[in-house]
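Read off the chains here:
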Amino acid sequence: MEQQAVTTAYKRLASTYDRFFGPVFEQGRQRALRKMGCQAGQHILEVGVGTGLSLPQYPDGVRVTGIDVSEPMLERARRRLNGHADRIDLAVMDAQDLEYEDDSFDKVVAMYVASVVPDPDAMIREMKRVCRPGGELYIVNHFSRDRGMMAKLERVAAPLSELVGFRPLFPLQDFLSMAQLEEVEIEPVNAFGYWSLIRAVNR
Ligand SMILES: C[S@@+](CC[C@H](N)C(=O)[O-])C[C@H]1O[C@@H](n2cnc3c(N)ncnc32)[C@H](O)[C@@H]1O
């Protein structure tokens, strides 16, 4: 997938994103936030923060930086900052080339982004680089199946990835061997457990 195609897809989707992808993905966001157990004083990076649907769920006292490559998506996230602008920073930035120093964050999370960025390997490398040693990495994503009805649908949808703005064929095993994560925990989330919440420690 080309970044330009992804950016065009999210420019088109921005105004309707919350209506269509708000509820469908909400359980995964809530589970990730609960598992992250963010504590006051911690600094969290949310990669691909989109319209900021997760932002109201961070506890008081937690500093959050959210980045996204899509200005129209971030514009909607900014509207959610009422009363929280002092502890939440938003910036237009490419997840594959983060502008932060090494070891800048306690926890780094990417929800529904790994199968959207053109180079997920680069995104994970950058997430690890900016997360402090011993910090935590969280990924929520759909990973494709190798059998059953959903596997057939994913194969049919694969040629449309530029149009839909994500990669339907994205096997978990391929992602894990590419990402080289440590102390990995995986749990199913959302309808039919069709998405996964991955937690890893940054070693
Ligand atoms: C499916 S949305 C997920 C948004 C949000 N995390 C949520 O829970 O609804 C994917 C997001 O990834 C963003 N994105 C795509 N490529 C990116 C990149 N290279 N760097 C940063 N964000 C990117 C898109 O603009 C979009 O906002």
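Higher on the page you've got the structure.
The structure contained in this document is the topic of the report that follows. (Residues numbered from 1 in each chain as written. Predicted model: local features only at pLDDT ≥ 70, side-chain atom pairs only at ≥ 80, totals over all residues. Heavy atoms only, no water.)

**Some words on the pairing of strand 3 (residues 88-92)**
So, step 1. In terms of strand pairing, strand 2 (residues 63-68) meets strand 3 through five bridges, oriented parallel. Bridge pairing in strand 3 places T65 opposite D89.
So, step 2. Running through helix 3 (residues 71-79), the crossover from strand 2 to the neighbouring parallel element strand 3 is right-handed. (Pairing = 2+ DSSP bridges. Helix = DSSP H or I, 4+ residues; strand = E, 2+ residues; numbered from the N terminus. Right-handed = clockwise from strand over helix to strand, strands pointing away.)

**A closer look at the sheet that holds strand 6 (residues 182-189)**
So, step 1. The strand order 3-2-1-4-5-7-6 describes an open sheet built from seven strands, whose pairing is mixed. Single-partner strands in this sheet number two, and they are strand 3 and strand 6. Across this sheet, the average inter-strand angle for adjacent strands is 15 degrees, counted without regard to direction.
So, step 2. Bridge analysis of strand 5 (residues 131-142) against strand 7 (residues 195-201) gives seven bridges, and the strand direction is antiparallel. Looking at strand 7, one finds that Y138 is bridged to R199.
So, step 3. Packing of helix 2 (residues 17-36) onto the sheet brings it into contact with strand 1 (43-47), strand 4 (105-111), strand 5, strand 6 and strand 7, and relative to strand 6 it is tilted by some 145 degrees. (Axes fitted to C-alpha atoms, helices over the stretch in contact; angles between N-to-C directions. Contact = heavy atoms within 4.5 Å.)

**Looking at the state of the cysteines**
So, step 1. Throughout the structure, instances matching the rule amount to zero disulfides.
So, step 2. This cysteine, C38, is not joined by any disulfide, and C131 carries the nearest cysteine sulfur, 12 Å off.
So, step 3. The class for C38 is buried, based on a relative accessible area of 9%.
So, step 4. By relative accessible area, C131 is classed as buried at 1%. (Disulfide = S-S within 2.5 Å. Buried < 20%, exposed > 50% of the residue type's maximum accessible area, 1.4 Å probe, protein only.)

**Quick look at the pattern of salt bridges**
So, step 1. With the rule as written, the count across this model stands at 17 salt bridges.
So, step 2. Two residues, E126 and R129, come together in a salt bridge whose shortest N-O distance is 2.8 Å. Separated by three residues within a single helix, E126 and R129 lie in helix 4 (residues 120-130), roughly one turn from each other.
So, step 3. For R129, a relative accessible area of 25% gives the class partly exposed. (Salt bridge = Lys/Arg side-chain N within 4 Å of Asp/Glu carboxyl O.)

**Remarks on the environment of K35**
So, step 1. With respect to the helices and strands, K35 occurs in helix 2.
So, step 2. Assessed through its relative accessible area of 29%, K35 is described here as partly exposed.
So, step 3. Each C-alpha atom, one on K35 and one on Y138, is 9.1 Å from the other, the two residues being 103 residues apart in sequence.
So, step 4. Those residues within four positions of K35 in sequence are excluded, and the remaining contacts are Y138, E185, E187, L197 and R199.
So, step 5. Among the polar contacts made by the side chain of K35, one reaches the side chain of E185 at a distance of 2.8 Å. (Polar contact = N/O pair within 3.5 Å; in protein donor to acceptor, adjacent residues only side chain to side chain.)

By themselves, these figures tell us nothing about what the structure is for.
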